[in-house]
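Topology and contacts: notes
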Protein chains: 4
Amino acid sequence: MTSPLGIGLVGAGRMGSIHARLVHTSVPGARLAGIADVDAGAAARLAAQVGDPPQFGSMADLLAAPGIDAVLIATSSSRHLEMIELAAAAGKDILCEKPLSLSFADTDAAIAAAARAGVRLQVGFMRRWEPDYVRARQRLASGDYGRPMLFKSLQFDPEPPPLTFADPTVSGGIMVDMGIHEFDLARWLMDDEVVEVHAYGSTYAHPELATVGDVDSAVVNLRFANGATGTVELARNTTYGEDVRTEVLATKGSVWVGLLSATQGAASGGLTPGSIAVDALDTAIPRFERGLAAQARGFVQAIRDDRPVAVTGSDGRAAFAIAVAAGRSLRDGGTVAVEPRP
Amino acid sequence: MTSPLGIGLVGAGRMGSIHARLVHTSVPGARLAGIADVDAGAAARLAAQVGDPPQFGSMADLLAAPGIDAVLIATSSSRHLEMIELAAAAGKDILCEKPLSLSFADTDAAIAAAARAGVRLQVGFMRRWEPDYVRARQRLASGDYGRPMLFKSLQFDPEPPPLTFADPTVSGGIMVDMGIHEFDLARWLMDDEVVEVHAYGSTYAHPELATVGDVDSAVVNLRFANGATGTVELARNTTYGEDVRTEVLATKGSVWVGLLSATQGAASGGLTPGSIAVDALDTAIPRFERGLAAQARGFVQAIRDDRPVAVTGSDGRAAFAIAVAAGRSLRDGGTVAVEPRP
Amino acid sequence: MTSPLGIGLVGAGRMGSIHARLVHTSVPGARLAGIADVDAGAAARLAAQVGDPPQFGSMADLLAAPGIDAVLIATSSSRHLEMIELAAAAGKDILCEKPLSLSFADTDAAIAAAARAGVRLQVGFMRRWEPDYVRARQRLASGDYGRPMLFKSLQFDPEPPPLTFADPTVSGGIMVDMGIHEFDLARWLMDDEVVEVHAYGSTYAHPELATVGDVDSAVVNLRFANGATGTVELARNTTYGEDVRTEVLATKGSVWVGLLSATQGAASGGLTPGSIAVDALDTAIPRFERGLAAQARGFVQAIRDDRPVAVTGSDGRAAFAIAVAAGRSLRDGGTVAVEPRP
Amino acid sequence: MTSPLGIGLVGAGRMGSIHARLVHTSVPGARLAGIADVDAGAAARLAAQVGDPPQFGSMADLLAAPGIDAVLIATSSSRHLEMIELAAAAGKDILCEKPLSLSFADTDAAIAAAARAGVRLQVGFMRRWEPDYVRARQRLASGDYGRPMLFKSLQFDPEPPPLTFADPTVSGGIMVDMGIHEFDLARWLMDDEVVEVHAYGSTYAHPELATVGDVDSAVVNLRFANGATGTVELARNTTYGEDVRTEVLATKGSVWVGLLSATQGAASGGLTPGSIAVDALDTAIPRFERGLAAQARGFVQAIRDDRPVAVTGSDGRAAFAIAVAAGRSLRDGGTVAVEPRP
């Protein structure tokens, strides 16, 4: 057996910590070989939980250390391009959290940097690796379902992120931060490109979001290149937990992922007679952790097999373009054409 | 087209009224041709709702009237034998509510009376006609499921019947009144006979039932002739509505009827965060009305086609025998062998 | 007790027959007093099933007959105005199937005719009477749910209507024929008006619909006057039965009607290991029959109590206006403002 | 902060490996300080995945090593007593997999050994730590539900264990190996003791089990000390995955854990029209891992807080006694009294 692939993590925040733990425990053939963060305390605390890999104050130091074969980027999105350029220059394969960046220029620069250096660049659309979505994709691709004709996907979170993060200049706003997952699914499950969108949004539940130019809920219509249609709904306000559901109606069958009724507990005491309270899922993290771990394994396997990665910078760019168009429709009204690939 | 088959109803109470309405509206080829009840007011009130057929004060008068081709018996169980003997003597085909009677002697006498007279005697196990159960039976009979190995069925009602009716000398008690439906399903879905049972019961929710020798809940183990096992649970105390569920585990697959989650409404407002209240079914009547109507149609069709009925007096006797054994186990403890057919 | 209210039905087709049967069996205080249809055979066949009321070859004859206190209009939509004008002129209260008509001019003329004559005009939005929707409305109105912020509703049918009926000049097309129910729910459940819409449609499953200018599926974005948003999806192509679901996300809770999992049967035999086949609902008719019956009872009760009807011509006009706007967006692209009431 | 509690694991098989991984990743305040197994290769392979703790060929060596504060026993059940005696003699707190042993004599000896040594002895009933069960227990204990009156629990596995393990002399057979979890839940959720049981079993799906005196499915009736009743069903043969469901009917409400419909995926393609295939849960392990991790945390916390453990040897003995009685009823027929505590 060959020696394990050394993964360097940059960004020891919330998502970085989850990635680190999963690489440490659930990715055979890889090991967490270093953690970089400007916050030395955060890096140290995380390291203590994941086998105590060496810690670094900068991406440059991480890249210069021995045993780093590839990097996993989980910094804030605004710094993704810088990290990608450094890693590419150092010849390291890259798994980068979504979105690749917050502008077309930076996104294209990131893709170009990886291409020039000849390194892999995988984008963190972890739903593509989650077993239920994988099964949905396989079903639609099986030929048993005819042509996918209507795509529906929603993501309802219990609450908005902190105002500083909701700010579209930081996170990209609701369309880039949340919606990008659904837009990527739209392309992948429908096996088609979104060419035009229309969106409405509102700020009923969290009017403070309006102060940074964001919304707490939105509906988006999608038009696909081959004529199919779709709809995406986003909200940051549920009392019953995280709710992520996707559905595709095809000419000969439908697939569903994330049924509302998915739960393990229910009760009828202390309620109005005639009703049963079903416990909603505590959180989607356990569900998506399976996807995140499979994503890291897929990345490592592509490197080991010397194959291209399955979810490319180009995929990241395409989903970002839909999110940008939807954000523009939200702000300016009317339909907006999705900017095609350069 | 031939003239419609005239059905005479005896018993204008709760079940009789439902039967009358269904014959009136949902049984092509038949018409409600008369209603008999000692309570003339009840008969008149019901008649007004179902096309005003003639009313009679006794079964004898109903049978003597013109246009009565067959009878539907929905009196109290203690009078079933008398009604069956009268109808048989008059040469009328019979559809009788369950149970056929409250003793083996009367049950056998009822079957014998119909046999002697050469009339049809169908027992009102309406679940056998309900589409979901029909589908379950077809699935198990299809060969795709292997051998049925474990039978599970439950019936949870919101509340007990009035004490005067719960009295086992009137209704047969929980096993004969409620359980008989599950015991009939056990025989039918497993395509086998129950040979021994064991039961426990309790009176936590309705201790007053103990005063008439009945219980508010019970569990029953079943042993089938060919070695399979089963369990039936009965209760007269839910806050969430009527709950009727049946499940068969076979060697190559399972069937379910009556999932708990079957409902059309849900809500999350005013609840503990993280939960959703699902509306339970208001009542099973809409569900079983489909069965009751199909049962009446099946009865009429058997007469028109000059075929035997699908659910016979012998079926009624067999399910009654299981109920009697379960009732005896409940009272006396230990396992009880099911009395075989004479 | 007063004598029953005499209802005259015009239109003995599919919906008319269902209405007739429900008035006959499920509307205390009313009786079916006459059936008019140009097809005498259809009227006679229907009459035979519902207590044999007198039959008429025209609306005029029906209105001239004795014992007609109110009318139920179930002709083709293109003839609704004519029927309403005749009934209004005769001073009869009116319950008319949706849509009131296929043009603004006719819709306004119908409303004006009823107003001039001082008769009631109720529009057949039967979902407003269906218990699960009633409960959803009550919940949202209770104050426990905060402000409704996002409306979602879909209607997926197993197949399109015949091409001659799908023709928008006959039925109004997918938005007027199917969507109008969702648009009415949008107004009612959100307690707000829709001011602008955007729609996309496609014809993947039934390209023949394109020949009459209709589609087999569509997605619609809704903008409400107070800033809330919504989405409606329509399709005429499911393999699993009729699927009608509505969901409202409010600031403090959600309501759901028509969960996908609502069913009474399931099985696992003959399937890929690891899966269970849930039986979808055979049809929504049993579900909506409850609504149709309650609708007729509500109409009769309003007349008896000398109150205005609960669902008015103005409601019919408003939902129609949303449907028209959505249809225009579908054809011409871009967002379309909903034409306000005159 | 104090130094982490050192946990020594004995038994590097399937369950031992899961325990080791969870202690390594999910138990703050503890560390995996050593692994003992007679199979040195198994110990080494496991160690490599969990931070490379030292490995030992025997329990004695593990106990003699530095830094072992407590032990987790995951050997075969037949060796539990020996391990418990060694650990108790060494003064180590003990978390032992269920069942404590395969005989009353050994079980009592194990409890006595821990008592004499003054060490904690926790039994591995991990369901008591799983969030859905914890919530069910809290609900029933809240007073909102009245008195628990009927207990239902089932465990259906996809397949039997290897024949050598199914052998009751090795695993205790279906009642001790599988049923003991349900019997422990019965005591815990009902807050009562089971005093008598009745069981039937069969070997339709796996007749080979009869050769070792075991069955592939069984139904058990339970009688509680205070008069409540219960039923447990066990089977080793599902096509749709692992199915574990528990339900308690109380006088004022019900609780459910493990609804059949709990799933995240569904599809309708390639099926009989009118049905939807719901993906059953791949496996219960992800679900019970939450329980296993919480169990280890609870054990560590009790030690840190110098409190008794929550699930004691006495609990292990009581559930074992029910399992033994059920096994005897299965073999010998008739009801069997549960042997009371010594």
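To be clear, the structure that these remarks concern was listed above.
The rules we used
Residues numbered from 1 in each chain as written. Chains lettered and ligands numbered in written order. Predicted model: local features only at pLDDT ≥ 70, side-chain atom pairs only at ≥ 80, totals over all residues. Heavy atoms only, no water. Least-squares fit on C-alpha atoms with pLDDT ≥ 70 in both. Contact = heavy atoms within 4.5 Å. Salt bridge = Lys/Arg side-chain N within 4 Å of Asp/Glu carboxyl O. Polar contact = N/O pair within 3.5 Å; in protein donor to acceptor, adjacent residues only side chain to side chain. Helix = DSSP H or I, 4+ residues; strand = E, 2+ residues; numbered from the N terminus. Buried < 20%, exposed > 50% of the residue type's maximum accessible area, 1.4 Å probe, protein only. Lys, Arg positive; Asp, Glu negative; His and termini not counted. Buried area = accessible area lost by both parts, 1.4 Å probe. Phe/Tyr/Trp six-rings, centres within 6.5 Å; stacked < 30°, edge-to-face > 60°. Lys NZ or Arg CZ within 6 Å of the ring centre and 35° of its normal.

1. Re the relation of the copies chain B and chain D
Overlaying chain B with chain D gives an RMSD of 0.0 Å, the required rotation being 180° about an axis along which the chain moves by 0.0 Å. The transformation relating the two chain copies, once decomposed into turn and shift, fits a two-fold axis. When you check the interface residues of chain B against chain D, 100% turn up at the interface there too, and the contact is symmetric in its surfaces.

2. Observations regarding the interface of chain B and chain D
Every contact between the two is made by 52 residues of chain B and, on the other side, 52 residues of chain D. Linking chain B with chain D are four salt bridges, by the criterion used here. Residues D:Lys152 and B:Glu233 are paired through a salt bridge, measuring 2.4 Å at the closest nitrogen-oxygen approach. The interface formed by chain B and chain D contains 19 residue pairs in polar contact (both at pLDDT 80 or more). For the side of chain B that touches chain D, the secondary-structure elements that each account for two or more residues are strand S7 (148-157), strand S8 (194-202), strand S9 (217-224), strand S10 (229-236), strand S11 (243-250) and strand S12 (253-257) of chain B.

3. So, the side chain of A:Asp37
Residues and elements named next belong to chain A. Relative to the assigned elements, aspartate 37 resides in the loop between strand S2 (30-36) and helix H2 (40-49). No salt bridge forms around the buried aspartate 37; measuring N to O, its nearest opposite-charge neighbour arginine 79 is 7.1 Å away. A polar contact of 2.9 Å, which involves the side chain of aspartate 37, links it to the backbone nitrogen of aspartate 39. Contacts of aspartate 37, omitting those with residues within four sequence positions, involve Gly11, Ala12, Gly13, Ala43, Phe56 and Gly57.

4. Regarding the interface of chain A and chain C
Counting from both sides, the interface comprises 52 residues of chain A and, opposite them, 52 residues of chain C. In total, about 3,700 Å² of surface goes out of reach between chain A and chain C, with carbon and sulfur atoms giving 60% of it. Connecting chain A to chain C are four salt bridges. Seen at the junction of chain A and chain C, the total is 19 residue pairs in polar contact (both at pLDDT 80 or more).

5. So, the packing of aromatic side chains
Under the definition given, this model contains four aromatic pairs over all chains. Relative to D:Phe320, the ring of D:Phe104 lies with its centre 5.3 Å away and its plane at 75°, an arrangement referred to as edge-to-face. Linking D:Phe104 in helix H5 (residues 104-117) with D:Phe320 in helix H11 (residues 313-332), this pair joins segments that are 216 residues apart in sequence. The same class applies to D:Phe104 as to D:Phe320, namely buried. Over the aromatic face of C:Tyr204 sits the side chain of A:Arg147, whose NZ or CZ is 3.6 Å from the ring centroid.

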